[in-house]
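Topology and contacts: notes
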Amino acid sequence: MKMLNLFIVSDSIGETGELVAKAAISQFRPGLQHTKLKRFTHIDSMDHIKEITALAKEQNACILYTLVQHDMREAIVRYCKKYDLQCVDLIGPVISLLEKKLDEKPFEEPGLVRKLDEDYFKKIEAVEFAVKYDDGRDPRGLLQADIVLIGVSRTSKTPLSQYLANKRYKVANVPLVPEVEPPEELFQIDPLKCFGLVITPDKLNSIRRERLIAIGLKDDASYAKIERINEEIEHFERIVNRIGCQVIDVTNRAVEETANLVINQIQQK
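For the rest of this paragraph, the subject is the overall build of the protein chain. Helix and strand counts for the protein chain come out as ten helices and eight strands. Over its C-alpha atoms the protein chain spans a radius of gyration of 29 Å, topping by over 25% the 18 Å that the globule rule assigns to 269 residues. The principal-axis extent of the C-alpha atoms belonging to the protein chain is close to 85 × 40 × 40 Å. Evaluated residue by residue, the protein chain yields a buried proportion of 37% over its 269 residues. Restricting the contact set of the protein chain to residue pairs at least 6 apart, pairs at least 24 apart contribute 74%. When the accessible area of the protein chain is evaluated, it comes to approximately 16000 Å², of which 51% is carbon and sulfur surface. Where the 39 positive side-chain charges of the protein chain centre and where its 42 negative ones centre are 6 Å apart.

The following block contains the structure:
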């Protein structure tokens, strides 16, 4: 069986080129027996191209390359011709096709797909975090969170948590109820990452009454009474003062607007 020597040349980490190479090799031989794969990563200069092609000539290697910069692709073709080497461009033809189809110039910035993947997984992680530590389910999440939201019931803590999670922030939220002592972790966190959400009693009364009707209950339950709401807000104010965190009035604010206020404060910190 002939020995196969393949060079994978990339301006990023070379993962795409290696996956393509292995997929193709599997059609000829099991595993990677009698095959040498060598990755050359973060290639960003003509000198690198010259050195790699000269080495490929010495070792009788074929070259597969994923280079997003047009001049680098031209250079490797030029040197491969000079040394009579076989090479395959794995990404250039696709970039050229899309450039014509979209009538746009490519960024030619190495590693963008990896950055997109990292960004995507960071967002998924943040969303899962927000679900896990929603509504005070596990106070341990407060110490791990980027942002902590506190407030009485129906102050949009959960929608705001999810919105911020989609901006890749890990958010935990805690409902404040007079009969329940807040978790000790709430007083251990940095006050600058904690935000109290408050709403006027009249508005909260209206929201809670609508909520009771929506779930098939009478709208005169204690949960929606002004007296009860005032009691909860007083408790909320005591906790906020104890923590020393910022308070945001969400009475007439959309979730997006509140989120922007929170993000601005976090970024300033």
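There is a patch of nonpolar side chains on the surface, built from Val94, Leu97, Leu98 and Leu102 and spanning about 380 Å² of accessible area. Of note, Leu102 is situated in helix α4 (residues 92-102).

Attention now goes to the packing of aromatic side chains. This model, assessed by the stated rule, comprises three aromatic pairs. Ring geometry for Tyr120 against Phe121: centres 5.3 Å apart, planes inclined by 70°, an arrangement best described as edge-to-face. Ring centres 4.5 Å apart and planes at 50° place the aromatic pair Phe129 and Tyr133 in the tilted group. Relative accessible area serves as the criterion here: at 7%, Phe129 is assigned to the buried category. Tyr133 sits in the buried class, given a relative accessible area of 6%. Over the ring of Tyr223 we find Arg208; its NZ or CZ atom is 4.4 Å from the centre of that ring. It is Arg242 that lies over the ring of Phe187; its NZ or CZ is 3.6 Å from the centre.

Moving on: unusual backbone geometry. Despite not being glycine, Asp103 shows a phi value in the positive range, around 55°. If you trace the backbone, Asp103 turns up in the loop between α4 and α5 (112-132).

A separate point is the side chain of Ser10. Among the structural elements, Ser10 can be located in strand β1 (residues 4-10). Here Ser10 falls in the buried class, since its relative accessible area comes to 2%. A distance of 3.2 Å separates a polar atom in the side chain of Ser10 from the backbone nitrogen of Gly14. In this view, Ser10 contacts Phe40, Thr41, His42, Ile43, Thr66 and Leu67; residues no more than four positions away in its chain are not counted.

This part covers the side chain of Thr35. Its place among the elements puts Thr35 in strand β2 (residues 35-40). Given a relative accessible area of 13%, Thr35 falls into the buried group.

In this section: the pattern of salt bridges. All told, the structure shown has 14 salt bridges when counted by the stated rule. A salt bridge links Arg73 to Asp89, with the nearest nitrogen and oxygen atoms 3.7 Å apart. Of this pair, Arg73 sits in helix α3 (residues 70-82) while Asp89 sits in strand β4 (residues 87-89), and the two are 16 residues apart along the sequence. By relative accessible area, which is 8% here, Arg73 ends up buried. Classification of Asp89 as partly exposed rests on a relative accessible area of 21%.

Criteria and thresholds
- Residues numbered from 1 in each chain as written.
- Predicted model: local features only at pLDDT ≥ 70, side-chain atom pairs only at ≥ 80, totals over all residues.
- Heavy atoms only, no water.
- Helix = DSSP H or I, 4+ residues; strand = E, 2+ residues; numbered from the N terminus.
- Rg over C-alpha atoms; globule rule 2.2 N^0.38 Å.
- Buried < 20%, exposed > 50% of the residue type's maximum accessible area, 1.4 Å probe, protein only.
- Contact = heavy atoms within 4.5 Å.
- Areas by Shrake-Rupley, 256 points an atom, 1.4 Å probe, with all protein chains shown as cover.
- Lys, Arg positive; Asp, Glu negative; His and termini not counted.
- Charge placed at Lys NZ, Arg CZ, Asp CG, Glu CD.
- Patch = residues over 30% accessible without salt bridge, like charges linked within 9 Å, V, L, I, M, F, W, Y side chains within 5 Å.
- Salt bridge = Lys/Arg side-chain N within 4 Å of Asp/Glu carboxyl O.
- Phe/Tyr/Trp six-rings, centres within 6.5 Å; stacked < 30°, edge-to-face > 60°.
- Lys NZ or Arg CZ within 6 Å of the ring centre and 35° of its normal.
- Polar contact = N/O pair within 3.5 Å; in protein donor to acceptor, adjacent residues only side chain to side chain.

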